[in-house]
Amino acid sequence: MSKKLMQEKIEKAQEEIDRKKELVKQGRMRQNYHFMAQTGWINDPNGLIYYKGRYHLFFQYNPYYGFWDYMHWGHAVSEDLVHWEYLPLALAPSESYDDHMRGGCFSGSAIEHDGKLFLMYTGTKNDGNGFEQSQCIAYSEDGIHFEKYEGNPVITAPPNVPKDFFRDPKVWKHDEKYYMICGARKNDFAQALLYCSKDMLHWEFVNVLAESRGEWGYMWECPDIYPLGDKYVLMFSPMGAGERTSVYLVGDLNYETGKFVYDVSGEIDWGFDYYAPQSFEDPRGRRILISWANGWDWMPFWKDWGPTYKEGWCGSFNIPREVKMNPDHTLRFEPVEELKLLREGACVKEEILLEEETMDIPLSDGVSYELKLEIDLGSTTAEKFSLQLRSDNERKTEVMFDLRDQSMQVSREHADGWSKGASHSPLKMKDREKLLIHIFSDKSSIEVFAENYETNHSCNIFADETQDHNRISVPRGKLKIRSLETWALKKVMDC
C-alpha cells in the first residue's frame with residue numbers, strides 16, 4: 001500500500017480542479033443553491049455524517065470532465081446544510097483493489113470510531129477477469145486527510161454473488177457492535193447483505209437482511225437502513241424495477257436473526273432525477289436525506305445525462321430533506337428548515353379564486369425561487385389544474401393535478417428542447433379539505449412536493465434564464481387558493 005501514491009493522485013486531481021474551476025463557474029446551467037462539485041462529474045452522495053461540529057458531505061467524483069469515470073471521493077463541509085466549503089479530496093484510486101479507469105473508489109458511508117472518522121467504501125478493480133468489487137476502509141484523525149487501511153479489502157463477495165454486483169456499504173452502530181449492509185445480486189434477484197464487526201476492521205457475514213423476488217428489481221444500489229420511531233426503514237435505488245428510482249420499506253429488524261421484515265412500502269420520489277439517497281442522524285435527532293439529482297436506469301431513454309457536460313460539469317444533489325413518519329407508518333420527506341436561510345423578496349396572497357383562467361405567479365425571480373400553495377378542495381369545482389413553470393412563449397415544464405382521477409404528473413416534454421418524458425404518480429387525497437404544494441426551482445431543476453410531502457417529483461430541466469414566467473392555469477371550473485407564498489432564493493453555490 002502506498003500513502004504517497006494516493007496523495008499524488010489527490011494533488012493531481014486538485015491541480016485539474018484549480019485549472020478549470022473558474023471557467024466551469026461561468027456555465028449558464030450551474031445551480032444557484034443545489035450542491036455541485038467545482039468541476040467534472042458527480043453522482044452518489046457518500047459518507048454523510050455530523051462530525052466535530054460540522055456536516056460532512058462526501059460524493060462520487062470524477063474531477064477531470066463531465067462524464068462518469070475513475071471514481072474519487074470529493075469532500076465538503078457545512079454548518080447549516082446550505083453553505084458548503086470544499087475540502088481536499090478524501091479518496092483517490094491508488095491500490096490494487098481500487099485502481100482502474102472504469103472503477104475506483106465507489107460509494108460508501110462514514111462513522112465515528114475511537115474518535116476517528118472512518119469511511120467504508122467499495123473498491124472496484126479489473127485484473128482481466130471482469131470487474132471485482134470489495135468493501136474497504138479508510139480513516140482520518142482530523143476528518144480531512146485519510147489513510148487507507150493496510151488490511152483492505154475487509155470484505156469480498158460471498159459465493160454465488162457476482163463480484164461486480166457487490167457494493168455500496170452503509171455502516172452503523174448498535175449495542176457496541178458495528179453493522180453494515182451492502183447491495184448484492186443473486187440469481188438475478190436483488191439482496192441486501194448484513195455484516196457485523198466489533199472493531200470496524202474484521203467483519204463476519206450475518207444474513208441476507210432482505211431480498212427481492214422480482215418485484216423490486218435485480219440489484220439494490222446504495223441500500224440504507226435506520227431506526228425511525230419504533231420501526232426501521234430500509235431504502236434503496238432498485239435496478240430493473242421500471243420507473244422506481246428510490247424506494248422505502250418500513251418494518252422491523254431482528255438483530256439476532258439478521259432479518260428485516262416489512263409491511264409498508266412507498267416511493268421517496270416519483271421524479272426522474274432522485275437516486276441513491278443516503279441518510280444520517282444530526283445532533284438534533286433528525287434523519288436527513290441527500291440524493292443525487294439524476295439516475296441510471298432512465299439514461300438510455302433520455303439520451304444521456306444532460307447538456308451540462310459541455311460546460312465541463314455534470315451533476316448536483318437534491319435539497320436536503322428530513323424523514324418523518326406518519327401514524328400509518330408511511331413516510332414524508334420535508335425540505336430541511338435551514339433552506340429558509342435562502343429566502344428573500346417574500347410575497348403572500350390569500351383567498352384567490354380562479355375560474356377558467358390563467359394567473360401569473362408573483363415572483364421577483366422566476367428562475368430561482370420557492371413557491372407554496374394551499375388549495376381549498378372543499379370550495380374547488382375544477383377537476384384539473386396545472387402549474388406552468390420556467391416558461392416562455394414556446395417552452396414550459398408543466399405540473400398537472402387531476403383531482404377527479406387522483407393523479408399527478410410532471411411533464412418536461414416541452415421544457416428546454418432537450419429533456420423528454422413525464423413522471424407520474426397517484427394522489428392519495430387523504431385530506432380532502434386541502435392540497436398542499438411546495439416547489440423549489442433552480443437553474444437546472446424543479447422539485448415538487450405535494451400531499452404534505454408524501455408525493456414528490458424531482459426532475460432536471462435545462463431551461464434558459466429567459467424562461468422565467470410561471471403561471472397557474474384552470475381550464476374548467478373554479479380553483480380556490482387559500483394561500484400563495486413565494487420567495488426568491490439566494491445564490492450560495494459560488495463555484
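All residue numbers refer to position in the chain's written sequence, counted from 1. Only residues with pLDDT of 70 or above have their local features reported here, since the model is predicted, and side-chain atom pairs are shown and tallied only from 80 upward, although totals for entire chains, interfaces and linings are computed over all residues. With hydrogens and water stripped out, all remaining heavy atoms of the structure feed into the side-chain values.

Draft legend 1. The overall build of the protein chain, seen in detail. Helix and strand content of the protein chain: 1 helix and 34 strands. Think of it in three bands: residues with accessible area under 20% of the maximum for their type are buried, residues over 50% are exposed, and the middle band is partly exposed, with areas taken using a 1.4 Å probe on protein chains only. Within the protein chain, buried positions represent 62% of all 495 residues. The contact rule is simple, with two residues in contact once any of their heavy atoms fall within 4.5 Å. A separation of at least 24 residues holds for 61% of the contacts in the protein chain among residues at least 6 apart in sequence. For the protein chain, the accessible surface area stands at approximately 19,400 Å², while carbon and sulfur atoms represent 45% of it. When charges are tallied, Lys and Arg are placed among the positive residues and Asp and Glu among the negative ones, while His and the ends of the chain are skipped. All charge positions are set by atom: Lys at NZ, Arg at CZ, Asp at CG, Glu at CD. Each charge sign in the protein chain was given a centre, from 59 positive and 81 negative side chains, and these centres are 1 Å apart. Each helix is a run of DSSP H or I of at least 4 residues and each strand a run of E of at least 2, with the numbering of both proceeding from the N terminus. Residue-level accessible areas treat just the shown protein chains as cover; the underlying method is Shrake-Rupley with a 1.4 Å probe.

Draft legend 2. Just the environment of Ala138, in detail. Residue position: Ala138 is located in strand S7 (residues 131–140). For the pair Ala138 and Gln14, spaced 124 residues apart in sequence, the C-alpha separation works out to 20 Å.

Draft legend 3. Highlighting the packing of aromatic side chains. Ring geometry is summarised as follows: Phe, Tyr and Trp rings, the Trp one being its six-membered ring, pair when their centres sit within 6.5 Å, and such pairs are stacked at plane angles under 30 degrees, edge-to-face over 60 and tilted between the two. Applying the stated criterion across every chain, the model contains 29 aromatic pairs. For the ring pair Phe118 and Tyr139, a centre distance of 5.6 Å and an interplane angle of 35° mean the geometry is tilted. Taken together, the residues Phe118 in strand S6 (residues 116–126) and Tyr139 in strand S7 connect sequence positions 21 residues apart. With relative accessibility at 6%, the residue Phe118 sits in the buried group. Ring geometry for Phe440 and Phe449: centres 6.3 Å apart, planes at 85°, overall edge-to-face. Comparing Phe440 with Phe449, the two get one shared label, buried. One aromatic cluster is present, built from ring pairs that chain together Phe35, Phe59, Tyr61, Trp84, Tyr86 and Phe317. Two conditions define a charge located above a ring, namely a distance within 6 Å from the ring centre to NZ of Lys or CZ of Arg, and an angle within 35 degrees of the ring normal. If you follow Arg213 out to its NZ or CZ, it ends over the ring of Phe189, 4.4 Å from the centre. For Arg343, the ring lying beneath its charged end belongs to Trp487, and the centroid distance is 3.7 Å.

Draft legend 4. Representation of the sheet that holds strand S4 (residues 84–86) within the structure. Strand order across the open sheet formed by 5 strands is S4-S3-S2-S1-S20, with mixed pairing between neighbours. The strands lining the two open edges of the sheet, one partner per strand, are S4 and strand S20 (313–314). At least two bridges found by DSSP between two strands is the condition for calling them paired. Inspection of the sheet shows strand S2 (residues 54–62) paired to strand S3 (residues 72–78) by 7 bridges, in the antiparallel sense. Each residue of the ladder has a partner; that of Tyr61, found in S3, is His72.

Draft legend 5. Seen up close, helix H1 (residues 3–24). Here, expected helix span is obtained from the residue count minus one, scaled by 1.5 Å. Relative to the 32 Å expected for 22 residues at 1.5 Å per residue, H1 spans 30 Å between its end C-alpha atoms, a close match to the ideal helical length. Residue Asp18 marks the point of greatest curvature in H1, where the axis turns by about 30°. Every buried residue of H1 is listed here: Met6, Lys9, Ile10, Ala13, Glu16, Ile17 and Val24. Looking at the buried side of H1, the elements it contacts are S2, S3, strand S8 (147–148) and S20. Two axes define the bend at a residue: one fitted to the seven residues ending there, one fitted to the seven starting there, and the bend is the angle between them.

Draft legend 6. Region of interest: the pairing of S3. Across the 7 residues that make up S3, a large majority, 7, are buried. Of the two faces of S3, the one lined by His72, Gly74, Ala76 and Ser78 and the one lined by Trp73, His75 and Val77 are each fully buried. When S3 meets S4, the two strands line up antiparallel, connected through 3 bridges. The residue bridging Ala76 from the neighbouring strand is Tyr86, located in S4. Turn length for the S3-S4 hairpin, with the two strands adjacent in sequence and antiparallel, is 5 residues, and the turn residue Leu81 shows positive phi of about 70°.

Draft legend 7. Layout of empty space enclosed by the protein. As defined here, a cavity is a set of points on a 1 Å grid over the protein atoms alone where a 1.4 Å probe fits but cannot get out. A pocket is an open set with protein on both sides within 12 Å along at least five of seven lines, and residues line them when an atom is within 4 Å of a point. Grid points are joined across faces, edges and corners, and a volume is the space filled by probe spheres set on the points. One pass over the structure, following the stated rule, counts 6 cavities of 30 Å³ or more. The computed volume of the largest cavity comes to approximately 100 Å³. In terms of residue class, the lining of the largest cavity is made up of 12 nonpolar, 2 polar and no charged. Charged residues are taken to be Asp, Glu, Lys and Arg, nonpolar residues to be Ala, Val, Leu, Ile, Met, Phe, Trp, Tyr, Cys and Pro, and polar residues to be all remaining types, Gly included.

Draft legend 8. Local environment of the layout of surface pockets. The space that makes up the largest pocket amounts to roughly 590 Å³. Around the largest pocket, the lining comprises 28 residues; the ones closest to its centre are Val171, Trp172, Phe280, Glu281 and Arg287. Breaking the lining of the largest pocket down by element, the ones donating at least two residues are strand S1 (40–51), strand S5 (104–113), strand S10 (166–174), strand S14 (219–228), strand S18 (275–281) and strand S21 (321–325). Counting residues per element, the lining of the largest pocket draws most heavily on S10, at 5 residues. Within this model, the second largest pocket holds a volume of roughly 410 Å³. The set of elements that each furnish at least two residues to the lining of the second largest pocket consists of S1, S5, S7, S10, S14 and S18. Among the residues forming the lining of the second largest pocket, the class breakdown is 10 nonpolar, 5 polar and 6 charged.

Draft legend 9. View of the nonpolar core. Residues belong to a common nonpolar core when they are buried Ala, Val, Leu, Ile, Met, Phe, Trp, Tyr or Cys residues joined through side-chain atoms within 4.5 Å. With 68 residues, the main nonpolar core has Phe35, Trp73, Trp84, Leu91, Leu119 and Phe317 as its most contacted residues. Among the nonpolar cores identified, the runner-up in size contains 36 residues, and Ile352, Leu354, Leu387 and Phe401 belong to it.

Draft legend 10. Inspection of the sheet that holds strand S17 (residues 259–267) at higher detail. Ordered by their spatial adjacency, 4 strands build an open sheet running S14-S15-S16-S17, and the pairing between neighbours is antiparallel. Whereas interior strands pair on both sides, the edge strands pair on one side only; in this sheet they are S14 and S17. The sheet shows a mean angle of 25° between the axes of neighbouring strands, taken without regard to direction. Across 5 bridges, strand S15 (residues 231–239) lies against strand S16 (residues 247–254) in antiparallel orientation. Each residue of the ladder has a partner; that of Leu234, found in S16, is Leu249. Convention adopted: a line fitted to C-alpha atoms gives each axis, helices being fitted over their contacting stretch, and angles between N-to-C directions are expressed from 0 to 180 degrees.

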